[in-house]
Amino acid sequence: MSVLVCVTGRNNDKLMAKLSDAIPDVKIEQWPYCEDLSSVQFVLAWNAPDNLWQQLPNLKVVQSYGAGVDGIALDKLKPCVSVARIVDQKLSVDMAEYVLSHVLANKLRHREYAANQSEGYWKPRRAMGGNEVGILGLGELGKVTAEVLVRHGFSVRGWSRTQKDLPKVACYAGENQLETFLSEIDYLVCLLPLTQQTKGMLNAKLFSLLPANCVVINVARGQHLVEEDLLAALDNNKLGGAVLDVFSTEPLPENHPFWSHSKVTVTPHVAAVTNMDTVIAQIAANVNACLDDTPLENQVNLSKGY
Ligand code: NAP
Ligand code: GLV
């Protein structure tokens, strides 16, 4: 049995070293190098090429190196392959802090004052009054983000597929409660997984159900958002602003209108970055579970796709 690390777009020297320390008796290779494709039973993946899976006849487990599994072509895996993902308190807290900081930056008009400063313009204004934050997705990240916002005095509501019961959070579920959930929100945070059901959800119809000053914060995936609908809503004053951490094409192309839009804040997919030190134990545990044929930690439900 061997482990193949296919985490693309970064230097994996430290990750390989830490993984070797955690599972010293297991052979670990880094894609595209692989001595014997038929011995690979476990792949640690991030943005792996879709044609990788068919080359691995004895694959048993794909472990995502992040919370999302949309970068793994689930439909190309054989039915006997299991998928796991990262669930990590540090990741959830990082996400909550990112969201809190951008809600506060908008509420306190940081962007407006930065623009004023560049023109030497002194114009004090009261902070924005709105205090209602709506979170699409009340999973591992959405729950902690809700908790942190509540602790900072925000009024929080959340929307999920199945009904939740969270302290001090107004919980809504399913399509027929979406419209009520969206009304009266000052900040809309997207923390949904990317699936066939959620792709393109942040669109003109949804924006039309939000109050005109609402700020949309997309920290989930770029493909949740219909970019031209967002630009139209911002330009027609149907939305107050947008904070975007994720994009359909990453890196965001240099001529993309988001870069220079006065109502858009762009960050380079950094809201919650997997921390090698806090997740190595769960990856090693899953390699051992794969060897021993025991249940995986944080296994993905493939029929739901998240
Ligand atoms: P999770 O634990 O799987 O939670 C997903 C939530 O979305 C659940 O509450 C689920 O409802 C809800 N949901 C799924 N499909 C839905 C639908 N059709 N209608 C309504 N609600 C639906 O996921 P997570 O760990 O919180 O992560 C969420 C996403 O964040 C990831 O998939 C990833 O794309 C993104 N992410 C981004 C960054 C970044 O740096 N920007 C970092 C990490 C993750 P139920 O609970 O009822 O099933
Ligand atoms: C990052 O985007 C993740 O899914 O962990």
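Residues numbered from 1 in each chain as written. Chains lettered and ligands numbered in written order. Predicted model: local features only at pLDDT ≥ 70, side-chain atom pairs only at ≥ 80, totals over all residues. Heavy atoms only, no water.

Undergrad: Is there a simple way to think about the UniProt feature "domain: D-isomer specific 2-hydroxyacid dehydrogenase NAD-binding" (unreviewed entry) in the protein chain in this case?
TA: The feature "domain: D-isomer specific 2-hydroxyacid dehydrogenase NAD-binding" (unreviewed entry), as given by UniProt, occupies residues 102-271 in the numbering adopted here. Each end of residues 102-271 is marked by a C-alpha atom, and these two atoms are 10 Å apart; helix forms 27% of the span and strand 18%. (UniProt positions renumbered as here; feature names shortened; annotations may be inferred. Helix = DSSP H or I, 4+ residues; strand = E, 2+ residues; numbered from the N terminus.)

Undergrad: What am I meant to see in the sheet that holds strand β4 (residues 61-64) here?
TA: Across a sheet, strands are paired by hydrogen bonds formed along the backbone, either parallel or antiparallel in direction. Spatially, β2-β1-β3-β4-β5 is the arrangement adopted by the five strands of the open sheet, whose pairing is parallel. Unpaired on one side and paired on the other, β2 (27-30) and β5 (82-84) mark the two borders of the sheet. Each strand axis lies, on average, 20° off the axis of its neighbour in the sheet, ignoring direction. Bridge analysis of strand β1 (residues 2-7) against β2 gives four bridges, and the strand direction is parallel. The residue of β2 that forms the bridge with leucine 4 is glutamate 29. Relative to β2, helix α1 (residues 13-22) is tilted by about 170°, and along the sheet it contacts β1, β2 and β3 (40-46). Relative to the sheet, helix α8 (residues 276-292) contacts β1, β3, β4 and β5, its axis offset from that of β3 by approximately 155°. (Pairing = 2+ DSSP bridges. Axes fitted to C-alpha atoms, helices over the stretch in contact; angles between N-to-C directions. Contact = heavy atoms within 4.5 Å.)

Undergrad: Is there a simple way to explain the sheet that holds strand β6 (residues 132-136) in this structure?
TA: The seven strands lie next to each other as β8-β7-β6-β9-β10-β11-β12, forming an open sheet whose pairing is parallel. Both outer strands of the open sheet, β8 (169-173) and β12 (264-266), are each paired with one neighbouring strand and no more. Going from strand to strand, the sheet's axes swing by 15° on average, the running direction of each strand aside. In this structure, strand β9 (residues 187-190) lies alongside strand β10 (residues 215-218), joined through four bridges in parallel fashion. Along β10, the bridge assignment pairs tyrosine 187 with valine 215. Sheet strands touched by helix α4 (residues 140-151): β6, β7 (155-160) and β8. Its angle to β6, the strand with the most contacts, is close to 170°.

Undergrad: I keep staring at the pattern of salt bridges and nothing clicks. Help me out?
TA: A side chain with one charge can pair with a side chain of the opposite charge if their charged atoms come near. Counting across every chain of the model gives nine salt bridges. In this structure, lysine 27 and glutamate 35 form a salt bridge, with 2.5 Å as the shortest nitrogen-oxygen distance. For lysine 27, a relative accessible area of 38% puts it in the partly exposed group. Residue glutamate 35 is classed as exposed on the basis of its relative accessible area of 56%. Of the charged contacts, one joins aspartate 293 and lysine 60 as a salt bridge, the two residues approaching to 3.3 Å between their closest N and O atoms. In this pair, aspartate 293 sits in the segment after α8 while lysine 60 sits in the loop between β3 and β4, placing the two residues 233 residues apart along the sequence. Aspartate 293 sits in the exposed class, given a relative accessible area of 62%. Linked through salt bridges whose partners overlap, the residues forming this network are Lys27, Glu29 and Glu35. (Salt bridge = Lys/Arg side-chain N within 4 Å of Asp/Glu carboxyl O. Buried < 20%, exposed > 50% of the residue type's maximum accessible area, 1.4 Å probe, protein only.)

Undergrad: Please explain the site of ligand 1 as it appears in this structure.
TA: Taken together, 29 residues are adjacent to ligand 1, and Arg85, Leu141, Thr162, Lys164 and Tyr306 come closest. For ligand 1, an oxygen atom lies 3.1 Å from a polar atom in the backbone of glycine 139. The separation between an oxygen atom of ligand 1 and a polar side-chain atom of arginine 221 is 3.2 Å. For ligand 1, whose unbound accessible area comes to 940 Å², protein coverage reaches 92%. When contributions to the shell around ligand 1 are tallied by element, the ones reaching two or more residues are α4 and β7. Among the residues forming the shell around ligand 1, the class breakdown is 14 nonpolar, eight polar and seven charged. Residues lining the shell around ligand 1 come from more than one domain, with at least three contributed by each of domain 1 (2-88 + 275-292) and domain 2 (89-266). (Near = heavy atom within 4 Å. Polar contact = N/O pair within 3.5 Å; in protein donor to acceptor, adjacent residues only side chain to side chain. Areas by Shrake-Rupley, 256 points an atom, 1.4 Å probe, with all protein chains shown as cover. Nonpolar A, V, L, I, M, F, W, Y, C, P; charged D, E, K, R; others polar. Domains from an automatic or database assignment.)

Undergrad: How should the site of ligand 2 be read in this particular structure?
TA: All residues adjacent to ligand 2 are Trp46, Gly66, Ala67, Gly68, Arg221 and His269. Alanine 67 is positioned such that a nitrogen or oxygen atom in its backbone is 2.7 Å from an oxygen atom of ligand 2. In the environment of ligand 2, an oxygen atom lies 2.7 Å from a nitrogen or oxygen atom belonging to the side chain of arginine 221. In the complex, the protein chains occlude 86% of the 190 Å² of accessible area that ligand 2 would expose alone. Split by residue class, the shell around ligand 2 holds two nonpolar, three polar and one charged.

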